[in-house]
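In case you want the letters, here they are:
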Amino acid sequence: MTPHINAKDNAFAKLVLMPGDPLRAKYIADTYLENVELVSNVRNVFMYTGYYQGNKISVCASGMGVPSIGIYSHELFSEYGVEAIIRIGSAGSLKADLKNYEMVLASSAYSQSTTFRSSVLKDSEVTNIAYPDKELNELILKNASDLKMNVHVERILTEDAFYTYQTPQERADISEGAVCVEMEAYGLFSIAEKLGKKAATLLTISDNLITHEYTTSEERQNSFNSMMKLALSLAKDFQ
């Protein structure tokens, strides 16, 4: 047990899928997993372990923001033997032609603030850009091809503030070309780099900040099934 996870030893699979919303974690567990067990529920941050097509996998909520995912990913990696975490979340598009429900795999995550990264890594490693694991990204793209799913591979922007005065174009310019914005990947990548683990971020566009097309909270919770199936397909690769 850790300060934020009340699961027993060996409660988690080698691969963890990490949505932000605890109810999205519950939806995935209820919809896709067999022999599933709720293994941690501290602060109602639900964490499940079960089997997808016969392969063990865990689904754990992260909450919102870099500090929150930083806590849970650190404890899963360092205390529970987790080898890889794939963040599966929603994002706001910074491009008019990147539409709702399209998927984006982060090639890198840009953050205007380096405060979190500077607290977990040496000064020489502190930059505004954090990277996913290359091999894990390649595996996600291979599985996407097998499933005939289209995935954009692009830089994303991780922000600390949900409400900001910056325009979408200003946010894209500052981040040197990010196509969408979310709130966790930079922290996850930094923790994985610190601990020598694997991490990736797969996102579904939930709203377009240029065209102002939006999805509801219920749609975000229950309708990102392509992303969920793609991430779940990697269970077989971590047995």
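What this report covers is the structure whose coordinates are included nearby. The model shown is predicted, which means the values in this text are computed figures rather than measured ones.

## Some words on helix α1 (residues 22-32)
Here is step 1: Those residues of α1 that sit buried are Arg24, Ala25, Tyr27, Ile28, Ala29 and Tyr32.
Here is step 2: Two or three places before Leu23, at the start of α1, stands the capping residue Asp21, its side-chain oxygen 2.9 Å from that residue's backbone nitrogen.

## A word on the pattern of salt bridges
Here is step 1: Tallied over the entire structure, the rule returns 10 salt bridges.
Here is step 2: Measuring nitrogen to oxygen at the nearest pair gives 3.7 Å for the salt bridge that ties Arg155 to Glu176. Here Arg155, found in strand β8 (residues 151-158), pairs with Glu176, found in the loop between α5 (168-174) and β9 (180-182); they are 21 residues apart in sequence, far enough to count as distant.
Here is step 3: When its relative accessible area of 15% is taken as the criterion, Arg155 is described as buried.
Here is step 4: For Glu176, a relative accessible area of 56% puts it in the exposed group.
Here is step 5: In this structure, a network of salt bridges that share partners links the residues Arg87, Glu182 and Glu184.

## Overview of unusual backbone geometry
Here is step 1: Positive phi, normally seen in glycine, also occurs at Gln53, with a value near 50°.
Here is step 2: In this structure, Gln53 sits in the loop between β3 (47-52) and β4 (55-60).
Here is step 3: Phi is positive for His212, which is not a glycine, with a value near 65°.

## Considering the nonpolar core
Here is step 1: Counting residues in hydrophobic clusters, the biggest one holds 74 residues, and the most contacted among them are Phe12, Leu17, Leu76, Ile86 and Cys180.
Here is step 2: Per element, the largest residue contribution to this core is 6 residues, and it comes from helix α6 (residues 185-195).
Here is step 3: Setting aside chain neighbours within four positions, we find Leu17 in contact with Ile57, Ser58, Val59, Cys60, Ile86, Ile88, Ala231 and Leu232.
Here is step 4: Within the second largest apolar cluster, 8 residues are counted, among which are Leu94, Ile129, Leu157 and Ala172.

Calculation notes
Residues numbered from 1 in each chain as written. Predicted model: local features only at pLDDT ≥ 70, side-chain atom pairs only at ≥ 80, totals over all residues. Heavy atoms only, no water. Buried < 20%, exposed > 50% of the residue type's maximum accessible area, 1.4 Å probe, protein only. Helix = DSSP H or I, 4+ residues; strand = E, 2+ residues; numbered from the N terminus. Polar contact = N/O pair within 3.5 Å; in protein donor to acceptor, adjacent residues only side chain to side chain. Salt bridge = Lys/Arg side-chain N within 4 Å of Asp/Glu carboxyl O. Core = buried A, V, L, I, M, F, W, Y, C linked by side-chain atoms within 4.5 Å. Contact = heavy atoms within 4.5 Å.

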